Amino acid sequence: QVQLVESGGGLVQPGGSLRLSCAASGSIFSINAMGWYRQAPGKQRELVAAITSGGSTNYASSVKGRVTISRDNAKNTMYLQMNSLKPEDTAVYYCNADAQPVGATRRYSYWGQGTQVTVSS
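Below: a short report on this structure. (Residues numbered from 1 in each chain as written. Predicted model: local features only at pLDDT ≥ 70, side-chain atom pairs only at ≥ 80, totals over all residues. Heavy atoms only, no water.)

Relative to the assigned elements, Asn-96 resides in strand 9 (residues 91-101). Taking the relative accessible area as the measure of exposure, Asn-96 reaches 10% and is therefore buried. Within the structure, Asn-96 has its side chain in polar contact with the backbone oxygen of Tyr-110 (distance 3.0 Å). With sequence-adjacent residues up to four places away left out, Asn-96 is seen in contact with Leu-4, Ala-33, Met-34, Gly-35, Tyr-37, Met-78, Ser-109, Tyr-110 and Trp-111. (Helix = DSSP H or I, 4+ residues; strand = E, 2+ residues; numbered from the N terminus. Buried < 20%, exposed > 50% of the residue type's maximum accessible area, 1.4 Å probe, protein only. Polar contact = N/O pair within 3.5 Å; in protein donor to acceptor, adjacent residues only side chain to side chain. Contact = heavy atoms within 4.5 Å.)

On to the state of the cysteines. Counting across every chain of the model gives one disulfide. Covalent S-S linkage joins Cys-22 and Cys-95, the inter-sulfur distance amounting to 1.9 Å. Taking the torsion about the S-S bond as the criterion, the Cys-22 to Cys-95 disulfide, at about -60°, is left-handed. Pair noted here: Cys-22 is in strand 3 (residues 18-26) and Cys-95 is in strand 9, with a separation of 73 residues, a long-range link. We classify Cys-22 as buried; its relative accessible area is 0%. (Disulfide = S-S within 2.5 Å.)

The computed volume of the largest pocket comes to approximately 170 Å³. Residue lining of the largest pocket: Arg-38, Ala-40, Lys-43, Gln-44, Glu-46, Ser-62, Arg-66, Lys-86, Glu-88, Asp-89, Thr-90 and Ala-91, and that is the complete set. Tallied by class, residues from the lining of the largest pocket come to two nonpolar, three polar and seven charged. (1 Å grid on protein atoms, 1.4 Å probe; cavity = no way out; pocket = protein on both sides within 12 Å on 5 of 7 lines; lining within 4 Å. Points joined across faces, edges and corners; volume = space filled by probe spheres on them. Nonpolar A, V, L, I, M, F, W, Y, C, P; charged D, E, K, R; others polar.)

Right, here's the structure in full:
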């Protein structure tokens, strides 16, 4: 199995920055794409940013230019650097990974437990 653990959330003032981390652990054979999603109260979960194993990235239009996704394949860890944060960025941020466990014949989608990001003065 594969476990994902997010960290780095918290309370920040508008215009501030946060760096989220997502560490994958367990019996991992390979990890393909990884991504950050967020879900605000009363709203559907949405993609924030995604990154392939080769480093290609994709961003939601609402965060483009303010957010940078990256990953360290050697550490099975993904990051989300968020700058110029706005109140509308307030949400629970979830890590997702498309991973193949050791002994498995295909990949599965795994989710972390989420980390709260609150942008408020």
